[in-house]
Amino acid sequence: MAKKKVIDNIPQQLASKVVDLNVKEFLFKNYLPYAHYTIQDRALTYEDGLKPVQRRIIWTLWEMKARANSETVKAQTAWGNVIGRYHPHGDAAVAEAGASLGKAWYLRVPLLAIQGNVGTFTGDTASAPRYYEVKLNKAGEELVADTDNNASEMIYNFSDTLLMPKLLPVRWPYSIINGGAGIATGYSSKMVPHNPTEVMDACILRLQNKIKNTDDLLKVMKGPDFPTGGEVLGYDGVKEYFETGKGTFTVTSKYNIEKVRGGGHKIIFYELPY
């Protein structure tokens, strides 16, 4: 039998020092920062409350002069400009994000005025972009208008040929009012929408130093306010997410029970969980 070959000067252990780490601690310290940097330009919201694709759609329409007091533009043209100028990703993803910005049953405060069909209820899909037209509405303009006053840091697009705002100079807290959800590598978020009047009242009172704690805030903002209605159960979860960012509550439908011929009944749902 052949003898095992021995190579000199090879250390008998792979590392001179072995560090024992809890895997959860290791992932939080190493993997999550890596994941954040790889996906912060995609699915997650940033300080202005918008996802990158939403920010680029609003900026593109602003540049195209498709504003509240102007004519609508063909959605196909708008989404094509978003992809070609600022967001080099799939056209279907951009079209879906753009259509969602104009759905009153999807957002508490829509950002786009739509001429045509982008759906009329939850689960209803939009027409092909060649069949409807879009422009910013007044609420959408309020998120971007101050770029004309040099209120945003401008950065170059993916090809270093065009400037766009790094963040939009928002005049109202988009993510608190409209909420949103995103999932990506190692991170996810789900923010619930809130009543626009309550949120703006809370902002004013906070600036006046009249809201000092969660209990003060809950007197003004009662909790989530969904565009499709429904009834929130489990109020403790609302206070918990106000304080920690995480909380659990249940949303149920609202309905009436009506009698029908023959002695039967039918259930009419008029508000649905978000």
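Summarised in this report is the structure supplied together with it.

About the criteria used
Residues numbered from 1 in each chain as written. Predicted model: local features only at pLDDT ≥ 70, side-chain atom pairs only at ≥ 80, totals over all residues. Heavy atoms only, no water. Helix = DSSP H or I, 4+ residues; strand = E, 2+ residues; numbered from the N terminus. Contact = heavy atoms within 4.5 Å. Pairing = 2+ DSSP bridges. Salt bridge = Lys/Arg side-chain N within 4 Å of Asp/Glu carboxyl O. Buried < 20%, exposed > 50% of the residue type's maximum accessible area, 1.4 Å probe, protein only. Phe/Tyr/Trp six-rings, centres within 6.5 Å; stacked < 30°, edge-to-face > 60°. Lys NZ or Arg CZ within 6 Å of the ring centre and 35° of its normal. Polar contact = N/O pair within 3.5 Å; in protein donor to acceptor, adjacent residues only side chain to side chain. Core = buried A, V, L, I, M, F, W, Y, C linked by side-chain atoms within 4.5 Å. Patch = residues over 30% accessible without salt bridge, like charges linked within 9 Å, V, L, I, M, F, W, Y side chains within 5 Å. Areas by Shrake-Rupley, 256 points an atom, 1.4 Å probe, with all protein chains shown as cover.

1. Thoughts on the overall build of the chain
- Per the secondary structure count, the chain includes nine helices and 11 strands.
- Counting only contacts in the chain whose residues sit at least 6 apart along the sequence, the fraction spanning at least 24 positions is 52%.

2. Overview of the sheet that holds strand β1 (residues 73–74)
- Taken in spatial order, the three strands make up an open sheet running β1-β3-β2, and their pairing is antiparallel. Because the sheet does not close on itself, it has two edges, and the strands there are β1 and β2 (112–115).

3. A short note on the pattern of salt bridges
- A full pass over the atoms with the stated rule returns eight salt bridges.
- Notably, a salt bridge pairs R55 with D48, separated by 2.8 Å at the nearest N-O pair. In this pair, the class of R55 matches that of D48, namely buried.
- For R108, the salt bridge is made with D225, and the minimal N-O distance between the two is 2.8 Å. Taken together, the positions of R108 in the loop between α4 (91–100) and β2 and D225 in the loop between α8 (214–220) and β8 (231–233) put the pair 117 residues apart, joining distant regions of the chain.

4. Observations regarding the environment of Y270
- In this structure, Y270 sits in strand β11 (residues 265–271).
- Note on Y270: relative accessible area 47%, which makes it partly exposed.
- Separated by 42 residues in sequence, Y270 and T228 have C-alpha atoms that sit 9.0 Å apart.
- Ignoring anything within four residues of it in the chain, the contact list for Y270 reads K254, Y255 and N256.

5. Considerations on the pairing of strand β10 (residues 254–259)
- Bridge count for β10 against β11 is six bridges, and the pairing is antiparallel. Within β11, the position partnered with I257 by the bridge is I267.
- If you look at the hairpin formed by β10 and β11, you'll find five residues sitting between the two strands, and G262 has a positive phi there, around 85°.

6. Quick word on the packing of aromatic side chains
- Scanning the model with the defined rule gives six aromatic pairs in all.
- Taking the centre distance of 5.0 Å and the plane angle of 75° together, the rings of Y241 and F242 count as edge-to-face. Note on accessibility: Y241 and F242 belong to one class, buried.
- Put simply, the rings of F226, Y241, F242, F249 and Y274 touch in pairs and so form one group of aromatic residues.
- Between R67 and the ring centre of W62, over which it is positioned, the NZ or CZ distance is 3.5 Å.

7. Quick notes on the side chain of D146
- Here D146 shows up in the loop between α5 (138–144) and β4 (154–156).
- A distance of 2.7 Å separates a polar atom in the side chain of D146 from a polar atom in the side chain of R171.
- Apart from the residues lying within four places of it in its own chain, the contact partners of D146 are A151, P169 and R171.

8. Remarks on the nonpolar core
- Ranked by internal contacts, the top residues of the largest apolar core, which has 48 residues, are I57, L61 and W79.
- At six residues, helix α2 (residues 52–63) tops the list of elements feeding residues into this core.
- Setting aside its immediate chain neighbours within four residues, L61 contacts A66, V73, A78, L112, V134 and L136.

9. Some points on a nonpolar patch on the surface
- A surface patch of nonpolar side chains, about 700 Å² in accessible area, is lined by V19, L21, V23, F26, L27, Y31 and Y34.
- Examined against the element boundaries, Y34 turns out to sit in helix α1 (residues 23–39).

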